[in-house]
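Each chain, written out:
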Amino acid sequence: MTAPQQQWDITSGVGITALAVAAARARESLRPDRLINDPYASAFVEAAGLDLPFLRLEAPREKSDPALMTDYVGVRSRIFDDFLVTAAEDGLRQVVVLASGLDNRAFRLPWPAGTRCFELDQPLVLDFKLRVLGAEGARPLCAHTPVPVDLRDDWAAALEAAGFDGALPTAWLAEGLLPYLPPAAEEQLFREIDRLSAPGSRAAVEHIDQAAAVAREPQLLADGEAYGIDLKALLPEGERRAPQEQLTALGWRWSAASAHESARGLGRTLPSTGATDRAVHLLARKD
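Residues numbered from 1 in each chain as written. Predicted model: local features only at pLDDT ≥ 70, side-chain atom pairs only at ≥ 80, totals over all residues. Heavy atoms only, no water.

### Some remarks on the confidence of the model for the protein chain
Parts of the model with low pLDDT should not have their predicted coordinates read in detail. In the predicted model, the protein chain carries a mean pLDDT of 88, and the fraction of residues at 70 or more is 84%. The low-confidence segment residues 63-67, where pLDDT is below 50, has 10 contacts with residues more than four positions distant or belonging to other chains. (pLDDT = per-residue confidence, 0-100. Contact = heavy atoms within 4.5 Å.)

### Description of the packing of aromatic side chains
Tallied over the entire structure, the rule returns four aromatic pairs. Between the aromatic rings of Trp155 and Trp172, the centroid separation amounts to 6.2 Å while the plane-to-plane angle is 75°, which identifies the pairing as edge-to-face. With Trp155 in helix α6 (residues 155-161) and Trp172 in strand β4 (residues 170-174), this residue pair connects regions lying 17 residues apart in the sequence. We note that Trp155, like Trp172, is buried. (Phe/Tyr/Trp six-rings, centres within 6.5 Å; stacked < 30°, edge-to-face > 60°. Helix = DSSP H or I, 4+ residues; strand = E, 2+ residues; numbered from the N terminus. Buried < 20%, exposed > 50% of the residue type's maximum accessible area, 1.4 Å probe, protein only.)

### Concerning the sheet that holds strand β6 (residues 252-258)
Strand pairing in a sheet relies on backbone hydrogen bonds. The paired strands run either parallel or antiparallel. Spatially, the seven strands line up as an open sheet ordered β3-β2-β1-β4-β5-β7-β6, and their pairing is mixed. Looking at which strands have only one partner, the edges of the open sheet turn out to be β3 (143-148) and β6. Pairwise comparison of adjacent strand axes, ignoring direction, gives a mean angle of 15° for this sheet. Sheet topology places strand β1 (residues 94-98) next to strand β2 (residues 116-121); five bridges connect them, and they run parallel. Among the inter-strand pairings, Gln94 is bridged to a residue of β2, identified as Arg116. Contacting β1, β4, β5 (202-208) and β7 (279-286), helix α3 (residues 70-89) crosses the sheet at an angle of about 165° to β5. Where helix α5 (residues 123-135) meets the sheet, its contacts fall on β2 and β3, and the angle it forms with β3 comes to roughly 145°. (Pairing = 2+ DSSP bridges. Axes fitted to C-alpha atoms, helices over the stretch in contact; angles between N-to-C directions.)

### Let's talk about the side chain of Gln246
Turning to its location among the elements, Gln246 is positioned in helix α11 (residues 243-249). A distance of 2.9 Å separates a polar side-chain atom of Gln246 from the backbone oxygen of Arg241. (Polar contact = N/O pair within 3.5 Å; in protein donor to acceptor, adjacent residues only side chain to side chain.)

### Describing the pattern of salt bridges
All chains considered together, the criterion is met by 22 salt bridges. Arg105 is paired through a salt bridge with Asp103; the nearest N and O atoms lie 2.4 Å apart. Per residue, the accessibility class of Arg105 equals that of Asp103, and both read buried. Residues Arg240 and Glu186 are paired through a salt bridge, measuring 2.7 Å at the closest nitrogen-oxygen approach. Residue Arg240 is found in the loop between α10 (231-234) and α11, and its partner Glu186 is found in helix α7 (residues 183-196); the two are separated by 54 residues along the sequence. One connected set of salt bridges, linked through shared partners, spans Arg25, Arg76, Asp81, Asp103, Arg105, Arg108, Glu175 and Glu206. (Salt bridge = Lys/Arg side-chain N within 4 Å of Asp/Glu carboxyl O.)

### Brief notes about empty space enclosed by the protein
Throughout the structure, instances matching the rule amount to two cavities of 30 Å³ or more. The volume enclosed by the second largest cavity comes to roughly 40 Å³. Contributing to the lining of the second largest cavity are Phe190, Ile193, Asp194, Ala203, Val205, Leu247, Leu250 and Trp252. Of all the secondary structure elements, the ones that give two or more residues to the lining of the second largest cavity are α7 and β5. At three residues, α7 tops the list of elements feeding residues into the lining of the second largest cavity. Of the residues contributing to the lining of the second largest cavity, the split by class is seven nonpolar, no polar and one charged. (1 Å grid on protein atoms, 1.4 Å probe; cavity = no way out; pocket = protein on both sides within 12 Å on 5 of 7 lines; lining within 4 Å. Points joined across faces, edges and corners; volume = space filled by probe spheres on them. Nonpolar A, V, L, I, M, F, W, Y, C, P; charged D, E, K, R; others polar.)

### Describing the packing of helix α2 (residues 41-48) against α5
With their axes 10 Å apart at the nearest point, α2 and α5 run at an angle of 110° to one another. Comparing their axes, α5 and α2 come out roughly perpendicular. In terms of crossing hand, the pair formed by α2 and α5 is right-handed. From α2, Ala43, Phe44, Ala47 and Ala48 reach across to α5, where they touch Phe128, Lys129, Val132 and Leu133. Each residue belonging to the contact of α2 with α5 can be placed in one class, and the counts come to seven nonpolar, no polar and one charged. (Parallel < 35°, antiparallel > 145°, perpendicular 65-115°, else oblique. Left-handed = near helix turned anticlockwise from the far one by under 90°.)

What follows is the structure, encoded as C-alpha cells:
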C-alpha cells in the first residue's frame, strides 16, 4: 500500500471541479433543447454554499469563457449517458463509475431490473453526495454501491471487497478522471480494468490530450486563479501513452470521436478552446 494520499472534500482540490461540473449540468438541464436532465445537480451546488461565478446557476454565461464549459459538459454527459443506457439494454448488468464526483446516474438513468452500479470516489465527496441526495428524497433506480477510495490507491481491492463480480461483463466509465492521475496511476488503472473485465465488457473514457499543457495556457491559468483553483497543482506532469495505445496493448477494440465530432452528432457546436479542441471520447470493448 502506498503512503496516504492528499484527501479533498467537495470544496477543495478536485472536489471543487465536481461542483463546477454539477453547475454545468444544472444549466444544461434548464435549456429548452437540453441534452440531459439532471434533477439533482442544482441541489449539490446550493448545498455547497460557495459564491463563485462558475457556480451561479442563473448567471448570464459568456460563450467565450472556457472556465464554464457548460456546452461541453452537456455533450460529454449525453455521450456517456447513452453509452451506459445502451450497455444496459444489451444485457450488461454491472456498472462501475470511476471517480464519480457528483455524477448521479444511478439515480436518474432508466436501469433494467438487476443492474448494480458501483461508484468510486473520495470518502468526503461520496458522503456529501449521498447526504444531499438523501435530503432531496432521491432513491437509486438500481442496486447502488458507493465505494469510498482514492483512485491513486488500490481501488481494485476496494471494489472487489464491495462485491464486484469479475465473472460478469461490466460497463466502465472514466469521465473527467485521467488528467488528475499521475501517468503511472493511469497505466495501472487500465491494467486493472482489463484484469477485472470479463469478455463482453465495455468502457467509456474521456481523454484530454496533453491536459497538463492545456492547464498552463494563460487564459485558463487566469480563470483558475480568479476562482481559487490551482490547475497546475491538480494536473500531474509526465509523459503518458495515449489511452488508445494502452487499450490496444491490452487487446481492447475501440472507437474514438473528438469532442467537436460528438457535439455535431448531437446537433451542437462547441466553442473552440484548449480543452474542447483536445478532448476525445473513447468507447471500447473487450472480446
